[in-house]
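# Chain and residue survey
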There are 2 protein chains.
Amino acid sequence: MVDEKEIRALCLDLLETGWPAYVTTVDAKGYPQTRAMFNLRNRDRFPKLIPFFDKHREDFTVMFTTNTSSTKITELKARPPISVYYCNPDKWRGVMFGGDIEVVDDSDEMKEFWHDDWTKYYPKGYDDPDHTMLRLVPAVAKGWAGSMTFRLELGDKQ
Amino acid sequence: MVDEKEIRALCLDLLETGWPAYVTTVDAKGYPQTRAMFNLRNRDRFPKLIPFFDKHREDFTVMFTTNTSSTKITELKARPPISVYYCNPDKWRGVMFGGDIEVVDDSDEMKEFWHDDWTKYYPKGYDDPDHTMLRLVPAVAKGWAGSMTFRLELGDKQ
């Protein structure tokens, strides 16, 4: 029998080691649109962000940066429901977080997240108009490990 | 400059080597639902199916088997639009196929696909009532390799 504490530990492990994050939005015709994105919670790849995310171990907050001009921004503003999936195929386990994504307009937070080599994506730096930060505070986590499956309600949004 | 022939070769490579497949349906409230599934086109893992899929190199047909009783079957029957994503994070490339999924009712085809060790999922064999086969003939492929992105229209459905 697996208890909620163990499931939360499994979710955190996938969130902090998974690569990449598989992010799905829904287009105007109802077709899901999936793409790989940087998993900024991956501790090996983004050690600078560990202190930020350590404040969000309980609520599993997920953050992304993307180009303001990208089609996904248009989609997300029209339809905020998204899923984010993390998988460890070798250990045969995975988790999906679902909820409504929101745009972060806080320039302090954008500065805190900024990595200098991101100028290749956003030439003008953290306050580049084409740099958008996104936040998902998930309402639900659904996943599996081997033949065990689980569902955790994390909020009242969904 | 990358031409369509090269893009098709990239799509086939991801389809035939990717593991697992990330499959997303949309629930009744409009929330995308993602889970990992066996990529039956992975040639190393399912060599028995290579002859079948060699007939579908041009149309990128994707097949899945799943439990008839699973929630995804309920979702797919109500809303056929799905996305299937394949990624090679090490080579930094990925592709999404999108379109409408359909249930396959052909028992010859179910027999052709059958693997004896699947009795752990479907105890009664290929004609187990809980064994359902699904087919996606994609309408679109969208992907990337490094900084190159592409979109291929494969049909007129979307």
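For every chain, the first residue of its written sequence is number 1, and the numbers climb from 1 along that sequence. Each chain is given a letter, starting from A, and each ligand a number, starting from 1, according to the order in which they appear as written. In keeping with the predicted nature of the model, local features appear solely for residues at pLDDT of at least 70, side-chain atom pairs appear and are counted solely at 80 or more, and the whole-chain, interface and lining totals rest on all residues.

## Considerations on the overall build of chain A
Helix and strand labels come from DSSP, where a helix needs a run of H or I of at least four residues and a strand needs a run of E of at least two; each type is numbered from the N terminus. In terms of regular secondary structure, chain A is built from 4 helices and 8 strands. Dimensions of chain A along its principal axes, counting C-alpha atoms only, are 50 × 40 × 30 Å. Any residue surrounded by 20 or more other C-beta atoms within 10 Å of its C-beta is treated as buried, while 12 or fewer makes it exposed and the intermediate range makes it partly exposed; C-beta atoms here are placed from the backbone. The buried share of chain A, reckoned over its 158 residues, is 34%. Counting contacts in chain A only where the partners sit at least 6 residues apart, residues at least 24 apart contribute 62% of the total. By the criterion used throughout, residues are in contact when their C-beta atoms, derived from the backbone, lie within 7 Å.

## Some words on the interface of chain A and chain B
With 24 residues of chain A at the interface, the matching set in chain B holds 23 residues. Breaking the side of chain A that touches chain B down by element, the ones donating at least two residues are strand S1 (21–26), strand S2 (32–37), strand S4 (81–88) and strand S5 (93–104) of chain A. Classes in brief: Ala, Val, Leu, Ile, Met, Phe, Trp, Tyr, Cys and Pro nonpolar; Asp, Glu, Lys and Arg charged; the others, Gly included, polar. Here the residues of the side of chain A that touches chain B sort into 13 nonpolar, 8 polar and 3 charged.

## Concerning the relation of the copies chain A and chain B
Alignment of copies: least-squares fit on C-alpha atoms of residues with pLDDT of at least 70 in both copies. Once chain A is rotated about the relating axis by 180° and shifted along it by 0.0 Å, it coincides with chain B to within an RMSD of 0.0 Å. Here the symmetry operator amounts to a two-fold rotation axis. Of the C-alpha atoms belonging to chain A, the one lying closest to the rotation axis is found on A:Pro32, 3.3 Å away. When the interface residues of chain A are mapped onto chain B, 96% of them again fall at the interface, so both copies present the same face.

## Some details on unusual backbone geometry
All names here are of chain A. At the junction of Trp19 and Pro20, the peptide bond is cis and its omega measures out at -10° in the coordinates. With respect to the helices and strands, Pro20 occurs in the loop between helix H1 (4–17) and S1. If you check the backbone angles, Trp92 has positive phi at about 60° while not being a glycine. Here Trp92 falls in the partly exposed class, since 13 other C-beta atoms lie within 10 Å of it.

## Considering the pairing of strand S7 (residues 140–145) of chain A
Residue and element names in this part refer to chain A. As paired elements, S5 and S7 share 6 bridges and run antiparallel to each other. Within S7, the residue paired with Met96 across the bridge is Lys142. Any two strands are treated as partners once DSSP identifies two or more bridges connecting them. Bridge count for S7 against strand S8 (residues 148–153) is 6 bridges, and the pairing is antiparallel. When the sheet's bridge partners are listed, Val140 is paired in S8 with Glu153.

## Details of the pairing of strand S5 (residues 93–104) of chain B
Residues and elements named next belong to chain B. Pairing between strand S4 (residues 81–88) and S5: 8 bridges, direction antiparallel. Bridge pairing in S5 links Tyr85 to Met96. Count of turn residues in the S4/S5 antiparallel hairpin: 4 residues, of which Trp92 carries a positive phi of about 60°. Pairing between S5 and strand S6 (residues 131–136): 4 bridges, direction antiparallel. Bridge assignment links Val103 to a residue of S6, and that residue is Leu134.

## Digging into the environment of B:Arg135
Residue and element names in this part refer to chain B. For Arg135, the position within the fold is in strand S6. Residue classification places Arg135 among the partly exposed residues on the basis of 17 C-beta atoms within 10 Å. C-alpha of Arg135 to C-alpha of Met37: the two residues are 98 residues apart in sequence and 13 Å apart in space. Setting aside residues up to four positions removed in sequence, Arg135 forms contacts with Thr61, Met63, Ile101, Glu102 and Val104.

## Here's the deal with the environment of A:Leu10
Residues and elements named next belong to chain A. Following the sequence through the fold, Leu10 ends up in helix H1. A tally of 22 C-beta atoms within 10 Å means that Leu10 is categorised as buried. Setting aside residues up to four positions removed in sequence, Leu10 forms contacts with Arg93 and Ala145.

## A few points about the environment of B:Cys11
All names here are of chain B. One can find Cys11 in helix H1 (residues 4–17). Exposure remark for Cys11: the 23 C-beta atoms within 10 Å place this residue in the buried category. As a C-alpha pair, Cys11 and Phe97 span 86 residues in sequence and 9.2 Å in three-dimensional space. Not counting residues up to four positions away in its chain, the partners in contact with Cys11 are Phe60, Val95, Ala141 and Gly143.

## Focus: the confidence of the model for chain A
Looking at chain A as a whole, its pLDDT mean stands at 94, while 97% of the residues score no less than 70. The complex model carries a pTM of 0.95, and its ipTM stands at 0.94. The predictor's confidence in any single residue is recorded as pLDDT, a number from 0 to 100.

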